[in-house]
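The lines below spell out each chain.
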Amino acid sequence: MVPMGLLSSSFFMLSLTGYRVGVAEKGLLTIRLSINMTGGHSSAPRAESSLSAMARAVAKLSQTPHPHHFGHGVEVDMLEQLAPYFPIARRVFISNLWLFGPLVAWLFSQKPETAAGIRTTTSVTIFNSGIKANVIPGYAEAIVNHRVNPRDSFDEVGHFCVGL
């Protein structure tokens, strides 16, 4: 038995010893974004460069979470099993997810560790552009890693990204 950092939201914090069992595997989808624009010299910059356009695109991806699937996975079963171990005030929320589900989903969304359990996650992991301090790059590239929730398809994740 090992300590479980099961739920990291301070509202759901528990000190339990037990086993965490994985019952689903997230899919892995990596997308390469690239843009070619006219480069130049930093003494005469254009209104937008490949680097600024790519930075805006990856910022939008990073700041727009995928829809959550709280209530459609094993998290509800987990919470119901753990409910007796929570203090009474929290137990009321957990035992009445039919009423408090949206609030609990929002609480899960507040911490990366619990948010990852209810949605597809997106991480920009590599960003390449530029070769010299005074040269405006004509090319920019970013690698975006998605850990796909079992309730999402790769096509849905791709369409979500393109739609941004």
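As shown above, the structure is provided for reference.
Predicted, not measured: the structure shown is a model, and the values here were computed from it.

Asker: Describe in detail the overall build of the protein, supporting the description with residues and values.
Answerer: From N to C terminus, the protein includes six helices and seven strands. Walking the protein from its N terminus toward its C terminus, one meets helices and strands in the order β-β-β-β-α-α-α-α-α-β-β-β-α. Taking all 164 residues of the protein together, the buried fraction comes to 32%. Of all intrachain contacts in the protein linking residues separated by at least 6 positions in sequence, the fraction that spans at least 24 positions is 68%. Carbon and sulfur atoms make up 59% of the accessible area of the protein, which amounts to about 10200 Å² in all.

Asker: Could you give me a rundown of the pattern of salt bridges, with the residues and numbers involved?
Answerer: Taken as a whole and judged by the stated rule, the model has two salt bridges. Of the charged contacts, one joins R32 and E141 as a salt bridge, the two residues approaching to 2.6 Å between their closest N and O atoms. Remark: E141 occurs in strand β7 (residues 139-148) and R32 occurs in strand β3 (residues 27-36); sequence separation between them is 109 residues. The exposure class of R32 is exposed, given its relative accessible area of 54%.

Asker: Can you lay out the pairing of β7 for me, pointing to particular residues and giving the numbers?
Answerer: A regular strand places its side chains on the two faces of the sheet in alternate fashion. The buried fraction of β7 is high, at eight of 10 residues. Two elements, β3 and β7, share 10 bridges in a ladder whose sense is antiparallel. Within the sheet, the bridge partner assigned to L29 lies in β7 and is H146. The sheet contact formed by strand β5 (residues 121-129) and β7 spans eight bridges and is antiparallel.

Asker: How would you explain the packing of aromatic side chains if you had to name every residue and give the values?
Answerer: For the structure on display, the rule yields two aromatic pairs. Ring plane angle 55 degrees and centroid distance 5.4 Å describe the contact between F70 and F108, whose orientation is recorded as tilted. Pair noted here: F70 is in the loop between α1 (50-63) and α2 (75-82) and F108 is in helix α4 (residues 97-109), with a separation of 38 residues, a long-range link. In this structure, F70 and F108 share a single accessibility class: buried. When the centroid spacing of 4.5 Å and the interplanar angle of 55 degrees are considered together, the rings of F93 and F100 count as tilted.

Asker: How would you sum up the environment of V135? Please name residues and give values.
Answerer: Here V135 is to be found in strand β6 (residues 135-136). Expressed as a C-alpha distance, the spacing of V135 and G39, which sit 96 residues apart in the sequence, is 7.5 Å.

Asker: Give me the lowdown on the packing of helix α3 (residues 88-95) against α4, citing residues and values where you can.
Answerer: Direction vectors running N to C along α3 and α4 enclose 105 degrees, while the axes themselves pass 6 Å from each other. Classified by the angle between their axes, α3 and α4 sit roughly perpendicular to one another. Counting all contacts with α3, which are made through V92, F93, I94 and S95, the residues of α4 involved are L97, F100 and L103.

What counts and what doesn't
- Residues numbered from 1 in each chain as written.
- Predicted model: local features only at pLDDT ≥ 70, side-chain atom pairs only at ≥ 80, totals over all residues.
- Heavy atoms only, no water.
- Helix = DSSP H or I, 4+ residues; strand = E, 2+ residues; numbered from the N terminus.
- Buried < 20%, exposed > 50% of the residue type's maximum accessible area, 1.4 Å probe, protein only.
- Contact = heavy atoms within 4.5 Å.
- Areas by Shrake-Rupley, 256 points an atom, 1.4 Å probe, with all protein chains shown as cover.
- Salt bridge = Lys/Arg side-chain N within 4 Å of Asp/Glu carboxyl O.
- Pairing = 2+ DSSP bridges.
- Phe/Tyr/Trp six-rings, centres within 6.5 Å; stacked < 30°, edge-to-face > 60°.
- Axes fitted to C-alpha atoms, helices over the stretch in contact; angles between N-to-C directions.
- Parallel < 35°, antiparallel > 145°, perpendicular 65-115°, else oblique.

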